Amino acid sequence: MEQSSRLAGTVRPGGRTARVRAAVLEATQDELVEHGFHGLTMDQVAARAGVGKTTVYRRWGSPAGLVVDLMNDLADQSVPHADTGAVEGDLLANAVSVLEALHDGRLGPTLQAMIAAATCDDQAAQGLRAFYSRRIEEWANAVDLAVKRGELPEGTDGAEVIRAISAPLYYRLVVTREPVTREDAERSVARTLAAARAGAFVSQG
């Protein structure tokens, strides 16, 4: 979720296979932003990418296959967790990165389309889980560092802390369709941090 949105026209290094994949994923994201998951078609992606339809169907199989590969690609591009030296700074950096992703004119609609895809397609749902699992695992390392510094109790589950920060922001975005603000992000961090310091996220097993 904390990656910069892909820029149109970006050419990635690699051979022909890598260039085809980059063009197709670029086109997939363009189509998601403009038409959403339910408007995503293999033919349109192929035409937009300048790639043969046969190639797209053979390699990705379905719109859900395109979305899953795009999610993998975005996860690969994601930035590492913050390391400010203090748990407050690290958790705020996480919340702000989520906020920026949701507000990004390209990445925000992409994430919303991915979530929509996951509600109606099992393959997309698995891809979405894998995407967020990678991001949560990465940012959980910041919580582990806080535990080592003595800022949080031993046994604190870093993944659960990160989920607790993001959950209110995504709830506003997806469920209630409310604006998501910097104040919301800061409030989520403050509440989660208070709970973490009180031992609410200490693993029991």
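Source: prediction; values computed, not measured.

Conventions used here
- Residues numbered from 1 in each chain as written.
- Predicted model: local features only at pLDDT ≥ 70, side-chain atom pairs only at ≥ 80, totals over all residues.
- Heavy atoms only, no water.
- Helix = DSSP H or I, 4+ residues; strand = E, 2+ residues; numbered from the N terminus.
- Rg over C-alpha atoms; globule rule 2.2 N^0.38 Å.
- Buried < 20%, exposed > 50% of the residue type's maximum accessible area, 1.4 Å probe, protein only.
- Contact = heavy atoms within 4.5 Å.
- Areas by Shrake-Rupley, 256 points an atom, 1.4 Å probe, with all protein chains shown as cover.
- Lys, Arg positive; Asp, Glu negative; His and termini not counted.
- Charge placed at Lys NZ, Arg CZ, Asp CG, Glu CD.
- Core = buried A, V, L, I, M, F, W, Y, C linked by side-chain atoms within 4.5 Å.
- Domains from an automatic or database assignment.
- Buried area = accessible area lost by both parts, 1.4 Å probe.
- Salt bridge = Lys/Arg side-chain N within 4 Å of Asp/Glu carboxyl O.
- Axes fitted to C-alpha atoms, helices over the stretch in contact; angles between N-to-C directions.
- Parallel < 35°, antiparallel > 145°, perpendicular 65-115°, else oblique.
- Left-handed = near helix turned anticlockwise from the far one by under 90°.
- Nonpolar A, V, L, I, M, F, W, Y, C, P; charged D, E, K, R; others polar.

### Things to note about the overall build of the chain
Counting its regular elements, the chain contains nine helices and zero strands. Mapped in sequence order, the helices and strands of the chain form the string α-α-α-α-α-α-α-α-α. Expected size for 205 residues packed as a compact globule is a radius of gyration near 17 Å; at 18 Å, the chain falls within 12% of this value. The principal-axis extents of the C-alpha atoms in the chain amount to approximately 55 × 35 × 30 Å. Across the 205 residues of the chain, 47% fall into the buried class. For the chain, contacts bridging at least 24 residues in sequence account for 70% of all contacts bridging at least 6. When the accessible surface of the chain is summed, it comes to about 9800 Å², and 52% of that surface belongs to carbon and sulfur atoms. In the chain, 22 positive and 27 negative side-chain charges are present, and the distance between their average locations comes to 6 Å.

### Digging into the nonpolar core
The biggest cluster of nonpolar side chains holds 60 residues, and the ones touching the most others in it are Val 24, Val 56, Leu 91, Leu 111, Met 114, Leu 152 and Tyr 170. Looking at which domains feed residues into this core, each of domain 1 (16-62) and domain 2 (75-198) gives three or more. In this view, Leu 111 contacts Ala 101, Leu 102, Phe 131, Tyr 132 and Tyr 170; residues no more than four positions away in its chain are not counted.

### A few points about the environment of Ala 64
Position of Ala 64 relative to the elements: it lies in helix H4 (residues 63-77). Spatially, the C-alpha atom of Ala 64 lies 28 Å from that of Val 180, the residues being 116 residues apart in sequence. When neighbours within four sequence positions are excluded, Ala 64 is seen to be in contact with Phe 37, Asp 121, Gln 123 and Ala 124.

### Looking at unusual backbone geometry
Trans is the common state for peptide bonds, and a negative phi is the common state for residues other than glycine. Within the chain, Arg 177 stands out as a residue other than glycine whose phi angle is a positive 55°. Of note, Arg 177 is situated in the loop between helix H8 (158-176) and helix H9 (182-197). For Arg 177, a relative accessible area of 56% corresponds to the exposed category.

### Points about the domain arrangement of the chain
Looking at the chain, the domain boundaries give domain 1 (16-62) and domain 2 (75-198). Once you take the C-alpha centre of each, domain 1 and domain 2 turn out to be 28 Å apart. Contact with domain 1, which involves nine residues of that partner, is made by nine residues of domain 2. Contact between domain 1 and domain 2 buries roughly 780 Å² in total, counting both sides, with carbon and sulfur atoms accounting for 58%. A per-residue breakdown of the area domain 1 buries against domain 2 is headed by Gln 29, Val 33 and Phe 37, which together make up 59% of the total. In this assembly, domain 1 and domain 2 are joined by two salt bridges. Among the salt bridges present, the one from Arg 106 reaches Asp 30, with a minimum N-O distance of 2.6 Å.

### Topic: the packing of helix H5 (residues 87-103) against helix H7 (residues 122-148)
The interhelical angle for the contact between H5 and H7, taken along N-to-C directions, is 165°, at an axis separation of 9 Å. By the angle between their directions, the pair H5 and H7 is classed as roughly antiparallel. Remark: the crossing between H5 and H7 carries left-handed chirality. Between H5 and H7, the contacting residues are Val 87, Asp 90, Leu 91, Ala 93, Asn 94 and Ser 97 on the first element and Trp 139, Ala 142, Val 143 and Ala 146 on the second. Here the contact of H5 with H7 is composed, by residue class, of seven nonpolar, two polar and one charged.

### Brief notes about the environment of Lys 148
You can see Lys 148 is positioned in helix H7. The class for Lys 148 is exposed, based on a relative accessible area of 73%. Taking the C-alpha atoms as reference, Lys 148 lies 25 Å from Ser 78; in sequence the two are 70 residues apart.

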